[in-house]
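Okay, here's what each chain looks like letter by letter:
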Amino acid sequence: MNGEGPAGVCAVIDPEQGDHGTMELHGIWDTAFFHRALHRVAESGRGVRHPGCRLVAHGEDLHTVELPGGRAAPAPAAVGLLADLLTAAPEPRPGTGPAAAAAGQPCRTLPRTGPVTPLQQQRLADAVAWPGHQVEQILWRWHGPLDPARFEAAWHAVGERESVLRTAFVWDPRPRAVVFDRALSDVVRHPHRTVTRRAVLPARERARAFDLRRPAAVRLALLDSGPGDAAAPFTDVLLTYHRALLDSWSVRLLMRECCRAYLAGGTLPGGERRPDLGDCARRLAAQDPGPAPGVRKEPAHRPTAPPPGPAPDARQGPAHRPTESPPPVRPPGHTTTGMTAGAATGPGTATGPGHGMAGTGMAAGTGVLRGVLSPARSTRLTHWAARWGVAESSVLQAVWALLLYRARDIAPAPAIVGFGLDFPGRGLLLDGIEGIPGPFENTLPLNLTVDPALTLPHLLRTLRDAVMDLSAYEWTTPAPARTLGPRAGGLLAFDCGPSPETAYGHELAAHGIRLEEQEAAGAPAGYALRLRAGHDTRRALVLTCAYDRDLIDDTTARTLLAHTVRMLRLLPVAATAATTVADVLAWMPRTPTPPVPDGPAARDTAPLLLLRGTPAPATATVCLLDTPGAPHTGHRELLRHYRGPETLTALRPTAGPPAARTDALVRLARAGGRLVLGGYSGTGALACELAHQVTLAGVRPPLVVVGGPDSDPHAPRGLAAALQRASASAARP
């Protein structure tokens with residue numbers, strides 16, 4: 001027991017036993033821990049602690065908690081949270097260091113709790129439906145000597161300063177943020193030849209699922225260079241993080257702080273940063289949570305959502321156009337004959353699989369490609385964009401809008417196109433928001449009309465104004481687009497924010513160290529494709545295309561990226577003030593532009609999954625729940641150990657709105673005996689809330705069974721035995 005909590009404890013909650021319901025606790029444990037658990041629940045604001053909540057011992061391995069009734073009755077979720085705490089894994093003792101907690105174990109104490117932002121709620125829900133879409137990586141190359149112990153101490157000092165690195169989530173049953181007192185540093189060094197290829201490391205790190213119940217939403221992997229680089233040794237520093245707690249801006253902030261701590265010998269002066277993410281969440285709770293007006297409403301003057309049909313947007317010029325467009329003007333010295341998606345060569349070539357981190361595939365179902373504009377071409381693009389009063393990000397957005405328009409093959413008629421656009425999300429009026437690590441990066445849908453008869457500079461300025469309008473709402477949660485499909489057209493992001501290389505480049509150089517960001521590999525983030533742009537240390541423009549292989553094949557992604565890179569190279573040398581959208585479309589290769597599909601739908605909308613049927617009627621039906629925030633592993637081990645005759649079902653984590661889950665459970669309870677809801681430690685609050693909703697529908701109150709932590713290899717056997725006992729007792733009237 002480690003003196004800190006129970007081992008192998010299972011809880012069975014029966015609202016029909018006793019005067020007002022009971023909780024049976026099976027297993028050997030320290031009864032003093034019960035009072036500490038009550039105190040923890042009371043700290044969370046659930047108000048369980050009451051003189052009527054009494055613990056009765058029936059032996060060394062069986063106890064009963066008698067629950068009070070009437071006005072003193074605790075909320076159902078509070079009873080479930082108590083069961084979660086009593087069955088959770090032992091926590092590390094104070095002073096044992098960050099390595100004391102085994103990987104995958106949930107942390108059980110709740111020293112500080114707080115709300116989550118609406119964007120975090122959305123990310124947590126998306127992480128259930130598309131787990132791989134919420135994990136991102138940034139790779140730095142550390143040239144020169146690296147002291148691993150000093151680096152790990154520096155990262156641990158950052159964790160002590162930044163509360164976001166000590167933050168996890170609990171569900172009771174809705175998610176809440178919990179900030180722990182100690183940081184759990186996850187820094188792993190890989191000497192040369194411990195992985196077969198450098199390209200393998202990112203894929204391995206992405207394959208390690210995040211357990212959001214633990215305060216470790218970012219991992220660091222260090223990979224040393226080989227003997228062939230002895231003259232100029234380097235270390236690759238790979239940061240893998242979850243978007244529910246961090247974004248790319250925040251990871252660069254953390255790396256900057258790590259460099260600062262490394263230069264100071266592994267320490268950081270001062271205490272915890274304030275304000276922090278919790279302060280931002282409380283500030284957001286006082287704001288209007290509605291979506292951006294440009295997304296919810298569709299006024300005619302706003303280009304984000306013009307009325308459908310052939311009429312152009314009011315800001316894009318007069319309604320009258322000639323019935324025939326003039327022949328497009330070819331750029332001098334250029335031709336479209338024979339150009340294909342792979343024809344681009346040289347510095348602007350789109351690289352495919354097998355090129356460093358970009359070709360790893362990163363995870364099952366996700367592919368990554370890279371395209372690069374040389375520093376000279378990137379500078380030329382920046383200066384050309386400035387001539388029209390826009391940034392190079394507007395040029396990228398215009399090129400992408402033209403590709404989406406061309407894929408529809410309806411020229412010369414105008415048409416609405418749309419795509420997602422990433423914003424830094426730091427427009428919240430809070431002092432120091434630009435220096436606070438957190439998941440602020442937000443996506444808003446941008447819709448506009450593309451008219452081939454209008455000029456390219458006009459399109460660039462229209463996009464610039466539309467983005468400026470939307471930026472006022474970058475911290476809001478977007479509403480679904482009405483004119484186009486869900487998450488249509490892909491997602492564009494342009495990296496900005498702090499640069500560790502710039503902040504401490506001179507100080508690191510004094511120690512013979514040079515830091516260089518190599519790649520920022522984004523996830524599709526719920527879209528079919530995500531195109532991220534940013535500058536490297538040489539000021540070259542790097543485009544990283546991450547795409548969902550279930551929706552887009554490698555050839556399609558390579559074609560889209562190659563067309564994008566080619567047009568970014570071509571426009572600064574060919575386009576003028578008189579260039580029309582039709583001219584630019586004519587400069588594109590004759591190879592058809594493939595369409596970008598909508599984002600992935602939920603894997604399955606059916607709330608219940610039948611795991612094992614039964615030929616004869618049984619006294620109970622067992623429904624298994626997944627532990628919120630834990631990596632989804634299925635229920636195969638539990639099925640192997642379960643010997644009862646009852647039907648086994650599972651409630652899908654992607655089952656949609658709560659009402660659909662409740663309705664499905666009500667139908668299940670009416671069809672096959674008493675309903676038994678079961679799961680590992682962490683499902684108690686959710687199970688009790690679901691049981692309460694089922695009871696309100698006029699169904700016999702379900703039993704709730706909470707087993708040990710899923711990190712315990714013996715937990716499936718213990719939970720199966722507890723479910724069998726509970727199902728057998730369900731026959732009692």
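### Some remarks on the overall build of the chain
Piece 1. Of the regular secondary structure elements, the chain holds 19 helices and 24 strands.
Piece 2. Looking at the chain residue by residue over its 733 residues, the buried ones come to 56%.
Piece 3. Considering only contacts in the chain between residues 6 or more positions apart, those separated by 24 or more positions represent 77%.
Piece 4. Per element, the accessible surface of the chain, about 29500 Å² overall, is 55% carbon and sulfur.

### Description of the sheet that holds strand β4 (residues 62–66)
Piece 1. Spatially, nine strands are ordered β3-β4-β2-β1-β24-β23-β21-β22-β20 in an open sheet, and the strand pairing comes out mixed. The sheet is open, and its two borders are formed by β3 (54–59) and β20 (608–612), each paired with just one other strand. With strand direction ignored, the average angle separating the axes of adjacent strands in the sheet is 25°.
Piece 2. Sheet topology note: the strand β21 (residues 620–624)/strand β22 (residues 647–651) ladder contains four bridges and is parallel. Bridging from a neighbouring strand, Thr 621 pairs with Thr 647 of β22.
Piece 3. On top of the sheet, helix α17 (residues 658–671) reaches β20, β21, β22 and β23 (674–679); it is set at about 130° to β23, its chief contact.
Piece 4. Across the face of the sheet, helix α19 (residues 715–729) comes into contact with β1 (10–14), β2 (22–26), β21, β23 and β24 (703–706) while running at roughly 165° to β24.

### A few points about the state of the cysteines
Piece 1. Overall, the coordinates contain zero disulfides when judged by the stated rule.
Piece 2. Summary of cysteine pairing: Cys 259 is not part of a disulfide, and the nearest cysteine sulfur, belonging to Cys 258, is at 6.0 Å.

### Re the packing of aromatic side chains
Piece 1. Scanning the model with the defined rule gives five aromatic pairs in all.
Piece 2. Pairing Trp 142 with Tyr 262 gives two aromatic rings, centres 5.0 Å apart and planes at 75°, and the pair type is edge-to-face. Taken together, the positions of Trp 142 in strand β6 (residues 135–143) and Tyr 262 in helix α6 (residues 248–263) put the pair 120 residues apart, joining distant regions of the chain. Across the pair, exposure class does not vary: Trp 142 and Tyr 262 are buried alike.
Piece 3. Note on Phe 169 and Trp 171: the rings are 6.2 Å apart at their centroids and 55° apart in plane angle, and the pair reads as tilted. With respect to class, Phe 169 is no different from Trp 171; both count as buried.
Piece 4. Chaining the aromatic ring pairs together yields one cluster made of Trp 142, Phe 151 and Tyr 262.
Piece 5. Its end group placed over the ring of Phe 234, Arg 141 keeps NZ or CZ at 4.0 Å from the ring centre.

### Let's talk about the packing of helix α9 (residues 375–387) against helix α14 (residues 554–574)
Piece 1. Relative orientation of the contacting elements α9 and α14 amounts to 55°, with a least axis distance of 9 Å. Our classification of the angle between α9 and α14 gives oblique. In terms of crossing hand, the pair formed by α9 and α14 is left-handed. Each of Arg 377, Arg 380, Leu 381 and Trp 384 in α9 lies in contact with α14, whose residues at this interface are Leu 568, Arg 569, Leu 571, Pro 572 and Val 573.

### Brief notes about empty space enclosed by the protein
Piece 1. For the structure shown, the criterion picks out nine cavities of 30 Å³ or more.
Piece 2. Going through the elements one at a time, α3 (118–129) and α7 (277–285) are the ones with two or more residues in the lining of the second largest cavity.
Piece 3. Residues of the lining of the second largest cavity, tallied by class, amount to eight nonpolar, three polar and no charged.

### Considerations on the pairing of strand β15 (residues 442–450)
Piece 1. Burial of β15 is extensive: nine of the nine residues sit out of reach of the surface.
Piece 2. Side chains of β15 alternate between two faces, with Asn 442, Leu 444, Leu 446, Leu 448 and Val 450 and Thr 443, Pro 445, Asn 447 and Thr 449 buried alike.
Piece 3. The pairing of strand β14 (residues 415–423) with β15 spans nine bridges and is antiparallel. Residue pairing across strands places Val 417 opposite Leu 448, the latter belonging to β15.

### Considerations on the nonpolar core
Piece 1. Of all hydrophobic cores here, the largest spans 59 residues; its most connected members are Trp 384, Val 395, Trp 400, Phe 419, Leu 531, Leu 568 and Leu 571.
Piece 2. Among the elements that take part in this core, helix α10 (residues 392–408) stands out by supplying ten residues, more than any other.
Piece 3. Core analysis: the second largest hydrophobic core is formed by 51 residues, Leu 124, Trp 155, Ala 177 and Tyr 504 among them.

### Let's talk about the pairing of β14
Piece 1. Where burial is concerned, most of β14 is hidden: nine out of the nine residues are buried.
Piece 2. Taking every second residue as pointing to the same face, both faces of β14 are buried, with Ala 415, Val 417, Phe 419, Leu 421 and Phe 423 on one and Ile 416, Gly 418, Gly 420 and Asp 422 on the other.
Piece 3. Sheet topology places β14 next to strand β16 (residues 491–494); two bridges connect them, and they run parallel. Among the inter-strand pairings, Leu 421 is bridged to a residue of β16, identified as Leu 492.

### Considerations on the environment of Leu 403
Piece 1. When you line up the elements, Leu 403 lands in helix α10.
Piece 2. Look at Leu 403 and you get buried, because its relative accessible area is 2%.
Piece 3. Expressed as a C-alpha distance, the spacing of Leu 403 and Gly 489, which sit 86 residues apart in the sequence, is 9.8 Å.
Piece 4. For Leu 403, the contacting residues outside a window of four places in its chain are Leu 560, His 563, Thr 564, Met 588 and Thr 593.

### What to know about the sheet that holds strand β8 (residues 175–179)
Within a sheet, each strand pairs with its neighbour through backbone hydrogen bonds, oriented either parallel or antiparallel.
Piece 1. Within the open sheet, the three strands sit side by side as β5-β8-β7. Their pairing is antiparallel. Of all strands in the sheet, those with a lone pairing partner are β5 (113–114) and β7 (167–171), marking the two edges.
Piece 2. As paired elements, β5 and β8 share two bridges and run antiparallel to each other. Of the residues in β8, the one forming a bridge with Gly 114 is Ala 177.

Cut-offs and rules
- Residues numbered from 1 in each chain as written.
- Predicted model: local features only at pLDDT ≥ 70, side-chain atom pairs only at ≥ 80, totals over all residues.
- Heavy atoms only, no water.
- Helix = DSSP H or I, 4+ residues; strand = E, 2+ residues; numbered from the N terminus.
- Buried < 20%, exposed > 50% of the residue type's maximum accessible area, 1.4 Å probe, protein only.
- Contact = heavy atoms within 4.5 Å.
- Areas by Shrake-Rupley, 256 points an atom, 1.4 Å probe, with all protein chains shown as cover.
- Pairing = 2+ DSSP bridges.
- Axes fitted to C-alpha atoms, helices over the stretch in contact; angles between N-to-C directions.
- Disulfide = S-S within 2.5 Å.
- Phe/Tyr/Trp six-rings, centres within 6.5 Å; stacked < 30°, edge-to-face > 60°.
- Lys NZ or Arg CZ within 6 Å of the ring centre and 35° of its normal.
- Parallel < 35°, antiparallel > 145°, perpendicular 65-115°, else oblique.
- Left-handed = near helix turned anticlockwise from the far one by under 90°.
- 1 Å grid on protein atoms, 1.4 Å probe; cavity = no way out; pocket = protein on both sides within 12 Å on 5 of 7 lines; lining within 4 Å.
- Points joined across faces, edges and corners; volume = space filled by probe spheres on them.
- Nonpolar A, V, L, I, M, F, W, Y, C, P; charged D, E, K, R; others polar.
- Core = buried A, V, L, I, M, F, W, Y, C linked by side-chain atoms within 4.5 Å.

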